[in-house]
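Per-entry structural report
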Amino acid sequence: MKLLTKYIIKNHTRLIFMTLAIGICIFILIDLIEKADIFMASRKPLAYALQYYFLKLPFIVSQTLPSIFLLSSVIFLSLMITSREAIALQAGGISVYEVTKNLVGLGIFWAILQFVLSQMVMFATEQKAYSLWRYEVRERVFVENSLENVWFLDSGYIVHVGLLYERGHGENLIAYKVNEKTQTVDEIIRAKQFTVYNDTWTLEDVKFYYPEEFREEQKEQFVLPVNQSVHFYFMSNQEEKTERLSFFLLGEAIERLRASGSNIENMQTIWHSKITYSVMITVFAVLAVAIVSYNANIYVAVMLAVVVSFLSYVLSSFGLFLGQSGKVPPVLGAWFPCVFLFVLGYLKIYLGFSKR
């Protein structure tokens, strides 16, 4: 590893952790001011508050990391120029592109870390934090979401569910096994209750009817040979929950909806945005160099970094709106802000230093 690379990794990482710590403290302080009275009214105010914000840490870090990376990069580069380190590098024959390349490498590392944190760790901790806040702190009565009259076709079975609960159980299931050659019903399965675990449907108190043979059977338990996710039905029924799904669950839901012929533009745009939010960290590495090449004053550079961070948010929101509404393809709506800002930053670096 080159000496320059080691230097950048060491000092840049130190700045990221310092900036991130400040950002986390500010976020928790603002949020705690809003929720302090509710925590104080709960049975265990201190224990609940500590547990809640510990569970919220992955969310706070993953959401603030792109802006934190941009600010840290701008401060790092400004300090390099202020301390004449940049001049020493140029005198040693090291170009600005070498520094940019190292920052982009760091950006890729933090982008991967942010993606893992937001799509794997945060997905689990956010559910626990929500349950703690809603049912322990606020002591609300748990009301489970449910759907009535759910139909689906899977593995040769036409299935009707009378009542389906979000936690993976239900009542009054009827499954019709259809013969593909004769298009007749070979078997009818009825169950008063059932449970779903890992997409496996286990029926209880089951009755089997065979119309062709005029006979029936009864079993205490039977595993229906279908592969359906309960979460998929509740997600597709409530669009506001789509963004809460992880990258992987959302991808699975998109494939199932595509097979059924449903409109998936909204979900595809959100799916792509989960990638682009992480990729934006790498784009910010290029923009940080562009900002400092425009003005190396640390105060001006930090202010410009805040403006650029806000601009990226506006562009991303606008792109998501266009993609979700079908005005542009989902890929274009989600990826345009990243591509546009990257090209803008690269052109500023190229034009700025080609004149020198």
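Quick caveat: nothing in here was measured; it's all calculated off a predicted structure.

Reading guide: rules and limits
Residues numbered from 1 in each chain as written. Predicted model: local features only at pLDDT ≥ 70, side-chain atom pairs only at ≥ 80, totals over all residues. Heavy atoms only, no water. Helix = DSSP H or I, 4+ residues; strand = E, 2+ residues; numbered from the N terminus. Buried < 20%, exposed > 50% of the residue type's maximum accessible area, 1.4 Å probe, protein only. Contact = heavy atoms within 4.5 Å. Patch = residues over 30% accessible without salt bridge, like charges linked within 9 Å, V, L, I, M, F, W, Y side chains within 5 Å. Areas by Shrake-Rupley, 256 points an atom, 1.4 Å probe, with all protein chains shown as cover. Salt bridge = Lys/Arg side-chain N within 4 Å of Asp/Glu carboxyl O. Expected span 1.5 Å × (residues − 1). Polar contact = N/O pair within 3.5 Å; in protein donor to acceptor, adjacent residues only side chain to side chain. Bend = angle between axes of the 7 residues up to and from the residue. Core = buried A, V, L, I, M, F, W, Y, C linked by side-chain atoms within 4.5 Å. Pairing = 2+ DSSP bridges. Axes fitted to C-alpha atoms, helices over the stretch in contact; angles between N-to-C directions.

Considerations on the overall build of the protein
Summing up its helical and strand segments, the protein has 9 helices and 6 strands in all. Here the protein holds 356 residues, and 44% of them are scored as buried. Residue pairs at least 24 apart in sequence account for 60% of intrachain contacts in the protein once pairs closer than 6 positions are excluded.

Considerations on a nonpolar patch on the surface
Taken together, Y97, V339, F342, V343, Y346, L347, Y350 and L351 make up a surface patch of nonpolar side chains, about 740 Å² in accessible area. For the nonpolar patch, the element with the most residues is helix α9 (residues 330-354), which contributes 7 residues. With respect to the secondary-structure elements, V343 resides in helix α9. With relative accessibility at 41%, the residue V343 sits in the partly exposed group.

Quick look at the pattern of salt bridges
When the charged atoms of two side chains with opposite charge come close together, those side chains can pair. Under the criterion given, the structure shown has 4 salt bridges. In this structure, D31 and K35 form a salt bridge, with 3.3 Å as the shortest nitrogen-oxygen distance. In this pair, D31 and K35 are both assigned in helix α1 (residues 3-41), 4 residues apart and thus about one turn of the helix distant. Residues D31 and K35 agree in their burial class; the two are buried. Where salt bridges share partners, they join E213, R215 and E217 into one cluster.

Focus on helix α8 (residues 298-324)
A turn of α-helix holds 3.6 residues, and therefore any two residues three or four places apart point the same way. If you check α8, its first and last C-alpha atoms are 38 Å apart, about what 27 residues at 1.5 Å a residue would give, namely 39 Å. Looking only at α8, the buried set comprises A301, A305, V308, S309, S312, L315, G319, L322 and G323. At the N-terminal boundary of α8, the capping side chain belongs to N297, with an oxygen 3.0 Å from the backbone nitrogen of Y299. Looking one or two residues past α8, G326 carries a phi angle of roughly 85°, positive in sign.

Some remarks on helix α2 (residues 45-82)
Compared with an ideal rise of 1.5 Å per residue, which puts 38 residues at 56 Å, α2 spans 47 Å between its outermost C-alpha atoms and falls more than 12% short. When the local axis directions of α2 are compared, the greatest deviation, roughly 50°, occurs at L65, which is followed within four positions by the proline P66. Count one or two residues on from α2 and you reach R84, which has phi positive near 70°.

Some points on the nonpolar core
By size, the foremost hydrophobic cluster in this structure holds 41 residues, and its most contacted members are F69, L70, V74 and L77. Mapped onto this core, the elements with two or more residues apiece are α1, α2, α4 (96-137), α7 (265-294), α8 and α9. Among the elements that take part in this core, α7 stands out by supplying 12 residues, more than any other. In contact with L77, not counting residues within four places along its chain, are V99, L103, A288, V289 and V292. Listed in part, the 31 residues of the second largest apolar core include V159, L173, F232 and L250.

Details of the sheet that holds strand β4 (residues 185-197)
Sheet architecture is open: 6 strands sit in the order β1-β2-β3-β4-β5-β6, paired in antiparallel fashion. Looking at strand neighbours, the two that pair on one side only are β1 (146-154) and β6 (215-224), the edges of this open sheet. Geometrically, the sheet is characterised by an average inter-axis angle of 15° between neighbouring strands, direction not taken into account. Pairing between β4 and strand β5 (residues 200-210): 9 bridges, direction antiparallel.

Observations concerning unusual backbone geometry
Excluding glycine, a negative phi dihedral is what most residues carry, and trans is how most peptide bonds are arranged. The backbone of N198 sits at a positive phi, close to 55°, despite the residue not being glycine. Note on placement: N198 falls in the loop between β4 and β5. For F214, which is not a glycine, the phi torsion comes out positive at approximately 55°. Considering the arrangement of structural elements, one finds F214 in the loop between β5 and β6.

Fair warning: the whole summary comes from geometry, so function is off the table for now.
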